Amino acid sequence: MSLSAVLLAAGSSPSPTPSESPTVTVPTLQDAQESATNAASWVEENWSTWLAIGLRVLLILVIAGILRVVVRRAITKLIDRMNRTVQAVDGTALGGLLVNAERRRQRSQAIGSVLRSVASFLILGTAGLMVLGTFEINLAPLLASAGVAGVAIGFGARNLVTDFLSGVFMILEDQYGVGDQIDAGVATGEVIEVGLRVTKLRGDNGEIWYVRNGEVKRIGNLSQGWATAGVDVTVKATEDLDKVKATLDEVADKMGKEEPWNELLWSPIEVLGLDSVLLDSMVVRVSAKTMPGKSLTVERELRWRIKRAFDAADIRIVGGATAPAEEDADADPTAAVAAPSVYANTASPQAQAATPITPAGPAAPVK
């Protein structure tokens, strides 16, 4: 085929025409009327279901709210009854062995707060699950996921859970409170804040210790009940015991009648007797029951008074368990010095007689 025939065939083919633009359909009034009719019929068919679900959710919320109010009010009345019981006991002989009413009130308020929070969490959490079940939501995957997440969080935060549970039982058992002087093993000081996870202590030097409740293995409370003030007085073994006891009894009787020591002392100061007897010293024990946390104050004042009374009575207090031997003031200081020896003088006949004889040299030749 020739080139001219090809060009002629190409020129005779019809040229492409441009594509036609798509037409936009506009909804008519009849279509809108049909859509509204369908929506109204759907609402009419399902409104009873919606109303039932709404009433069920409302009923669950109302019951949960009423139950929460009733439980919280019951807990509050229980706490108030505990406070009234403590106030009735306070001021009696039994109340003297317990902590005061304010301390009991703080403890009961803390317990009430924890119980109210736990009750609210349980009631509202159960109501929330019931609401989700009303909407026909499958709770099995949710509960399974929550269980797995709880196990994972429990392993990861087991120390946190331990601290929380330990704090709850410390508050419930009233092991210590704000203002108590305690020995927690890891730290010692005055309690300035009690939390469910951490307890704050202020040490003797003013430092603040943050002690995790789960780390406390033992607690020594120095502010509950009463404390004991004990003073050991070490005197010479040659002192008159009757004179020492009479002096101590006089100090104890005078201190017990003066303020503010008559309020800090919960029992008379007693001379218990000889605690130990050594060759050159003896220890006399003095003891008394004091207000909690005031034993060191009473001991310092008692030592001060005993020292002044012994000085006035010419009774010497030695510094330790073994008294140092005294030197006789009338003894001759030269008595322990050895007498002078004649051998000390090299020119004396005794020293010359004791001198080794030196060998004589060779004789000179005779000329």
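Residues numbered from 1 in each chain as written. Predicted model: local features only at pLDDT ≥ 70, side-chain atom pairs only at ≥ 80, totals over all residues. Heavy atoms only, no water.

## A word on the pattern of salt bridges
Counting across every chain of the model gives eleven salt bridges. Between Glu 299 and Arg 303 there is a salt bridge, and its shortest N-O distance comes to 3.8 Å. With Glu 299 and Arg 303 both in helix α9 (residues 295-312) and four residues apart, the pair spans about one turn of that helix. It is possible to trace a salt-bridge network through shared partners that takes in Asp 163, Arg 212 and Glu 215. (Salt bridge = Lys/Arg side-chain N within 4 Å of Asp/Glu carboxyl O. Helix = DSSP H or I, 4+ residues; strand = E, 2+ residues; numbered from the N terminus.)

## Observations concerning empty space enclosed by the protein
Under the counting rule described, the total for this entry stands at two cavities of 30 Å³ or more. Here the largest cavity is characterised by a volume of approximately 40 Å³. Taken together, Tyr 176, Ile 182, Ala 184, Thr 199, Leu 201, Val 211, Val 216 and Ile 219 form the lining of the largest cavity. Residues belonging to the lining of the largest cavity are distributed by class as follows: seven nonpolar, one polar and no charged. (1 Å grid on protein atoms, 1.4 Å probe; cavity = no way out; pocket = protein on both sides within 12 Å on 5 of 7 lines; lining within 4 Å. Points joined across faces, edges and corners; volume = space filled by probe spheres on them. Nonpolar A, V, L, I, M, F, W, Y, C, P; charged D, E, K, R; others polar.)

## Regarding the nonpolar core
In this structure, Leu 248, Ile 269, Val 298, Leu 302, Ile 306 and Phe 310 are the most contacted members of the largest nonpolar core, which totals 25 residues. The residues touching Ile 269, leaving out its near neighbours within four places in the chain, are Ala 252, Met 255, Val 286, Ser 287, Ala 288 and Leu 302. Residues Tyr 176, Ala 187, Leu 201 and Val 211 belong to the second largest nonpolar core, which totals nine residues. (Core = buried A, V, L, I, M, F, W, Y, C linked by side-chain atoms within 4.5 Å. Buried < 20%, exposed > 50% of the residue type's maximum accessible area, 1.4 Å probe, protein only. Contact = heavy atoms within 4.5 Å.)

## Some thoughts on the layout of surface pockets
Approximately 370 Å³ is the volume found for the largest pocket. Residue lining of the largest pocket: 15 residues in total, with Gln 181, Leu 222, Gly 293, Lys 294 and Leu 296 positioned closest to the centre. Top element by residues in the lining of the largest pocket is α9. It accounts for four residues.

## Focus: a nonpolar patch on the surface
There is a patch of nonpolar side chains on the surface, built from Trp 47, Leu 51, Leu 55, Leu 58, Val 62, Ile 66 and Val 70 and spanning about 680 Å² of accessible area. Its place among the elements puts Leu 58 in helix α2 (residues 29-89). (Patch = residues over 30% accessible without salt bridge, like charges linked within 9 Å, V, L, I, M, F, W, Y side chains within 5 Å. Areas by Shrake-Rupley, 256 points an atom, 1.4 Å probe, with all protein chains shown as cover.)

## Some details on the sheet that holds strand β1 (residues 181-183)
Pairing is antiparallel across the open sheet formed by five strands, whose spatial order is β4-β3-β2-β1-β5. A single partner strand is all that each edge strand has here, and the edge strands are β4 (208-212) and β5 (220-221). In this sheet, β5 lies alongside β1 in antiparallel orientation, the contact comprising two bridges. Considered in β5, the bridge of Asp 183 is made with Gly 220. (Pairing = 2+ DSSP bridges.)

## Quick notes on the confidence of the model for the chain
Per-residue pLDDT for the chain has a mean of 76; in total, 73% of the residues score no lower than 70. When pLDDT is averaged over each element of the chain, β4 comes out on top at 91 and helix α3 (residues 93-97) at the bottom at 45. Every residue in residues 92-99 is under pLDDT 50, and counting partners more than four places away or in other chains gives nine contacts. (pLDDT = per-residue confidence, 0-100.)

## Describing the packing of aromatic side chains
Taken as a whole and assessed by the stated rule, the structure comprises zero aromatic pairs. The ring centre of Trp 226 lies 4.2 Å from the NZ or CZ of Lys 289, which sits over that ring. (Phe/Tyr/Trp six-rings, centres within 6.5 Å; stacked < 30°, edge-to-face > 60°. Lys NZ or Arg CZ within 6 Å of the ring centre and 35° of its normal.)

## Describing the pairing of strand β3 (residues 198-202)
Sheet topology note: the strand β2 (residues 188-194)/β3 ladder contains four bridges and is antiparallel. Looking at the pairing, Val 194 lines up with Thr 199 of β3. Counted between consecutive antiparallel strands, the loop separating β2 from β3 contains three residues. Looking at chain direction, β3 and β4 are connected through five bridges and run antiparallel. Looking at β4, one finds that Val 198 is bridged to Arg 212. As consecutive antiparallel partners, β3 and β4 are separated by five residues, and within that stretch Gly 206 has a phi angle of approximately 95 degrees, a positive value.

## Here we look at helix α6 (residues 158-172)
The end-to-end C-alpha distance of α6, which contains 15 residues, comes to 21 Å, matching closely the 21 Å that a straight helix rising 1.5 Å per residue would cover. Among the residues of α6, those classed as buried are Asp 163, Gly 167, Val 168, Met 170 and Ile 171. End-on, the buried residues of α6 take up no more than an arc of 165 degrees, which puts them together on one face. In the stretch just after α6, Asp 174 is the one whose phi turns positive, near 55 degrees. (Expected span 1.5 Å × (residues − 1). Arc of directions from axis to C-beta.)

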